[in-house]
Each structure stands twice: as structure tokens, then as C-alpha cells.
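The residues making up each chain are set out below.
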Amino acid sequence: MGSLAPLLPGTVALVGGGPGDAGLMTVAGRSAVEQADVLLVDHLAPEEALAWARPDALVVDVAKLPRGAFTPQERINDLLVEHARRGRRVVRLKGGDGFVFGRGMEEVLACTEADVPVRVIPGVTSSVAVPALGGIPVTHRGVVQGFSVISGHVPPGHPASTLDYGALARSGTTLIVLMGVATLPAITEALMENGLDPATPAAVIARGGHPDQQVVSGSVADIAVRAAHVEPPAITVIGEVASFAAATDTHVLEEVI
Ligand SMILES: C[S@@+](CC[C@H](N)C(=O)[O-])C[C@H]1O[C@@H](n2cnc3c(N)ncnc32)[C@H](O)[C@@H]1O
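In this text, all values refer to a predicted model and were calculated from it rather than measured experimentally.

Undergrad: Would you take a moment to explain helix α3 (residues 104–113) for this structure?
TA: Three- or four-residue spacings in an α-helix give side chains the same orientation, since the helix completes a turn every 3.6 residues. Restricting attention to buried positions, one finds in α3 the residues G104, E107, V108, A110 and C111. An end-on view of α3 places all buried positions within 160 degrees of arc, on one side of the element. In the core, the buried residues of α3 are packed alongside β1 (11–16), α2 (73–85), β4 (89–94) and β5 (118–121). Where α3 terminates, the next one or two residues include D115, which has phi positive at roughly 60 degrees.

As C-alpha cells, then:
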């Protein structure tokens, strides 16, 4: 079944909505939104994409804001299954790609365990698109041959952290940190303690692709201080390619000058 095949009643489509600008959604994602009877929408999904939904479609906000509005994952899973069992075409619209720190597979499993057919429509992940929107390529010939995408939702050394910061510091890859605004000081410290050169370029891109996008540049030694005022959602890029960042944050530039 191709990604543009019609959505059938009683099925779920897990749609990656891209980094926030509706123009960066896929054609298949838009088609699913247009057909949906019910849309379950995350806070980072592109709001403007809801204009493509049918006027009679039911839109349910299931935001999971850090320290804010919260719909437990189990409740979202139940809603997907309940609406599909009522014969509706259900679209689960998420930010970025549903399988990159998006709990997408949990939702796929909830559907398959309930015998609800589910289709995955991949999205443009912010982990690559947001750096690009800030002028940063995640790889660059002759400079870096790979990139590592990590979650900073818990700091290094936290019992729930599964990351090896020594290996990351030595990896020779561009490091891309999602959900790491509050933990950036601890993350940059851990990388330097593990041997990463403090002069390594770094950049923070906040609200990538939105009219109020901010790009803050610096080095791994000072990026946490320079970007201390930045609010989520933001992505930090650490590595030589970060020197390509197109700085747009006049607040920081004024301070530096
Ligand atoms: C829960 S993760 C979801 C990632 C998503 N599934 C993806 O593939 O892009 C949310 C994090 O993605 C990053 N993010 C998503 N959209 C962003 C944007 N437009 N600008 C900056 N960061 C963004 C931030 O680090 C944010 O905290």
C-alpha cells in the first residue's frame, strides 16, 4: 500500500508533521490530514496544517508540554484505538518524525495489539531540518562523516541516562541535541570533561522554521551561557559544521559587541 492510498475507515495514520512549518510536511502527510475524521495533535505539530482538515473533522489537542498541559501516553493510545473502532479515519499528527523521540512505535504497537490497522507516514525530522534552517549542514565533505542525534531530556550521570558521553566526545561526529535546553550546561561540561576541544563550534537554533526562529552561535565552552535565555523548542549542534550557522539572535550579538 503506497503512502498516498486512501485512508480507510477504522484505521490510523501516524503522520510526521515536520519541524513546524506546514510547508515542510510531506504530500502524503497532507493527504492524510485532508481525509481524517479525527485528528489527535501534538503541540509541536504544524498548526497551519489543521487548515487542510475537513471542516467537520474532530481535532483533539493531546499536547504533552514539558511542565505544561499533559495527556498521558496511555490515554493517547486508548483514543487512537477507540476512534478507529468507531469506524473513523484517525490521523495522529506529531512534530518532526514520529519515530525520532516521538513515541511513535508505542502508538503503532497499541494499534496492532488492538487489531487496528495502522500506517506510518514519516516526517521531516527536526534533528536534521532545524540545523539546515539555521544554515548548518549536519555533514560536510572533508569535515565530518556522520552525525549523532541525542536526547538531553535527562542530564549526563542521571540514573535514567543511557548515553556514553565519553564515546560521544570521541565520536568525531556532529552532535545534535534535542530536548536539551535546561541540561545544556551539564551536557557541554560532560563533553569537555571527556576530551572534546572547548573551542569546538556550537550553535543553538530555537523555533526553527518559525518566523521568530533564533540562532545563537558560540563554542562548546560558552554556548550554554550565550544561549541561557533561549526557550524550548531548541536544538543544539556541536561540531565543526556549527561554524556555518547563520546567527539571527540580535540579543546575543549586541551583548557580544
Ligand atoms: C519530543 S522531541 C520530538 C522530535 C520530533 N519527533 C522530530 O523528529 O523532530 C521534541 C524536540 O524536538 C526539537 N524540535 C522540534 N521542533 C523544533 C523546532 N521547530 N525548532 C527547534 N527545535 C525543535 C526540540 O529539541 C524539542 O524539544
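The discussion continues.
Undergrad: It is not clear to me how the domain arrangement of the protein should be interpreted in this structure. Could you clarify?
TA: Accessible area lost on assembly of the parts is the figure often given for the size of an interface. In terms of domain boundaries, the protein breaks down into domain 1 (11–121) and domain 2 (126–248). Between the C-alpha centres of domain 1 and domain 2 there is a distance of 28 Å. Taken together, the contact between domain 1 and domain 2 spans 8 residues of the former and 14 residues of the latter. Buried surface at the junction of domain 1 and domain 2, summed over both partners, amounts to about 690 Å²; 77% is from carbon and sulfur atoms. Counting every contact that joins domain 1 to domain 2 gives 0 salt bridges. At the junction of domain 1 and domain 2, the tally comes to 0 residue pairs in polar contact (both at pLDDT 80 or more). Taken together, the residues that form the side of domain 1 that touches domain 2 break down as 5 nonpolar, 2 polar and 1 charged.

What counts as what
Residues numbered from 1 in each chain as written. Predicted model: local features only at pLDDT ≥ 70, side-chain atom pairs only at ≥ 80, totals over all residues. Heavy atoms only, no water. Buried < 20%, exposed > 50% of the residue type's maximum accessible area, 1.4 Å probe, protein only. Helix = DSSP H or I, 4+ residues; strand = E, 2+ residues; numbered from the N terminus. Arc of directions from axis to C-beta. Contact = heavy atoms within 4.5 Å. Domains from an automatic or database assignment. Buried area = accessible area lost by both parts, 1.4 Å probe. Salt bridge = Lys/Arg side-chain N within 4 Å of Asp/Glu carboxyl O. Polar contact = N/O pair within 3.5 Å; in protein donor to acceptor, adjacent residues only side chain to side chain. Nonpolar A, V, L, I, M, F, W, Y, C, P; charged D, E, K, R; others polar.

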